Amino acid sequence: MRYDGDLMSSATELLSIFGAEQGQLKRMVRRITGNAHTAEDVVHETFIKLMNRKVTERDIGLVVTTARNLACDTIRAERVRASYASNVSSEQLQAGVVDPEDAVASRLDLDALLRALQTLPVRTQRIFLLSKVDGMTYPQIARSLNISVSTVEKEMISALEFCRTWRQRRETI
């Protein structure tokens, strides 16, 4: 445990080191990162990281090594972000952005499907909607409708086959 006096003298030493070496630290980090703004951020992060450590004027090597390591970590993190960004498709980047024409077409398709589902038996419609719209599991549907899981499975197969046939007919129009 450090006393307040130790923290004060350590903080004074750290401020002294940064006062004398800040320009050189920024230049070194800028050479590593290739960016002056990033260099300022890394040097600031170095100061914060060392602020609660006991530092003396002989610890200039610790300051330089910490700044260098943080700069390398920053470069590594930027490479990971860049790699991720290059692997993200334009569709993923535009997620949530829907062309108004596509939105209208999707809504019309959904309305047509809901109308077509009305030709199914009521229990089959209900099972399908509980599963696909409400996200209920087959056992949950079976309990709520007081039927067996096997019946739910058979009705879902029927509903899914109906949907597949409906979609195939719509695609050939």
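Residues numbered from 1 in each chain as written. Predicted model: local features only at pLDDT ≥ 70, side-chain atom pairs only at ≥ 80, totals over all residues. Heavy atoms only, no water.

### A short note on the overall build of the chain
Within the chain one finds eight helices and zero strands. Going residue by residue from the N terminus, the α and β elements of the chain occur as α-α-α-α-α-α-α-α. Split into buried and exposed, the 173 residues of the chain put 25% on the buried side. Excluding contacts between residues fewer than 6 apart, the proportion of contacts in the chain whose partners are at least 24 apart in sequence is 62%. A total accessible area of about 12,400 Å² is found for the chain, and carbon and sulfur atoms account for 53% of it. (Helix = DSSP H or I, 4+ residues; strand = E, 2+ residues; numbered from the N terminus. Buried < 20%, exposed > 50% of the residue type's maximum accessible area, 1.4 Å probe, protein only. Contact = heavy atoms within 4.5 Å. Areas by Shrake-Rupley, 256 points an atom, 1.4 Å probe, with all protein chains shown as cover.)

### Thoughts on the side chain of Thr 33
Take Thr 33: it is sitting in helix H1 (residues 4-33). Within the local environment of Thr 33, its side chain forms a polar contact with the backbone nitrogen of Asn 35, the two atoms lying 3.3 Å apart. Discounting residues that sit within four places of it in the chain, Thr 33 has contacts with Thr 38, Ala 39, Ala 71 and Ile 75. (Polar contact = N/O pair within 3.5 Å; in protein donor to acceptor, adjacent residues only side chain to side chain.)

### Concerning helix H8 (residues 149-171)
With 23 residues, H8 extends 33 Å between its outermost C-alpha atoms, agreeing within 8% with the 33 Å of an ideal straight helix rising 1.5 Å per residue. Among all positions of H8, only Val 152, Glu 155, Met 156, Ala 159, Phe 162, Cys 163 and Trp 166 are buried. On its buried face, H8 sits against helix H5 (100-117), helix H6 (122-132) and helix H7 (138-145). (Expected span 1.5 Å × (residues − 1).)

### A word on unusual backbone geometry
Despite not being glycine, Asn 146 shows a phi value in the positive range, around 60°. Tracing the backbone shows Asn 146 in the loop between H7 and H8.

### Observations regarding helix H2 (residues 36-50)
Compared with the 21 Å implied by 1.5 Å per residue over 15 residues, the 21 Å span of H2 between its first and last C-alpha is a close match. For H2, the set of buried residues is Ala 39, Val 42, Val 43, Thr 46, Phe 47 and Leu 50. Burial along H2 is one-sided: seen end-on, the buried residues are contained in an arc of 140°. Exposed and oriented more than 90 degrees from the buried face of H2 are His 37, Asp 41, His 44 and Lys 49. In this structure Asn 35 caps H2, since a side-chain oxygen of it lies 2.8 Å from the backbone nitrogen of His 37. (Arc of directions from axis to C-beta.)

### Concerning the nonpolar core
One finds Leu 117, Ile 127, Phe 128, Ile 141, Leu 145 and Val 152 to be the most contacted residues of the largest nonpolar core, which totals 18 residues. For this core, the secondary structure elements donating two or more residues are H5, H6, H7 and H8. The greatest single-element share of this core, amounting to six residues, is contributed by H8. Leaving out residues up to four positions away in the same chain, Ile 127 has contacts with Ile 141, Leu 145, Ile 147, Val 152, Glu 155 and Met 156. (Core = buried A, V, L, I, M, F, W, Y, C linked by side-chain atoms within 4.5 Å.)

### Describing the side chain of Ser 131
Considering the arrangement of structural elements, one finds Ser 131 in helix H6. We classify Ser 131 as buried; its relative accessible area is 14%. Filtering out sequence-adjacent residues up to four positions away, Ser 131 remains in contact with Met 136, Tyr 138, Ile 141 and Met 156.

### A word on the pattern of salt bridges
As enumerated under the stated definition, the model contains four salt bridges in all. For Arg 170, the salt bridge identified is with Asp 109, shortest N-O distance 2.6 Å. Of the two residues, Arg 170 sits in helix H8 while Asp 109 sits in helix H5, which places them 61 residues apart along the sequence. Assessed through its relative accessible area of 35%, Arg 170 is described here as partly exposed. Taking the relative accessible area as the measure of exposure, Asp 109 reaches 36% and is therefore partly exposed. (Salt bridge = Lys/Arg side-chain N within 4 Å of Asp/Glu carboxyl O.)

So, to be careful, I would describe these as geometric facts and stop short of saying anything about function.
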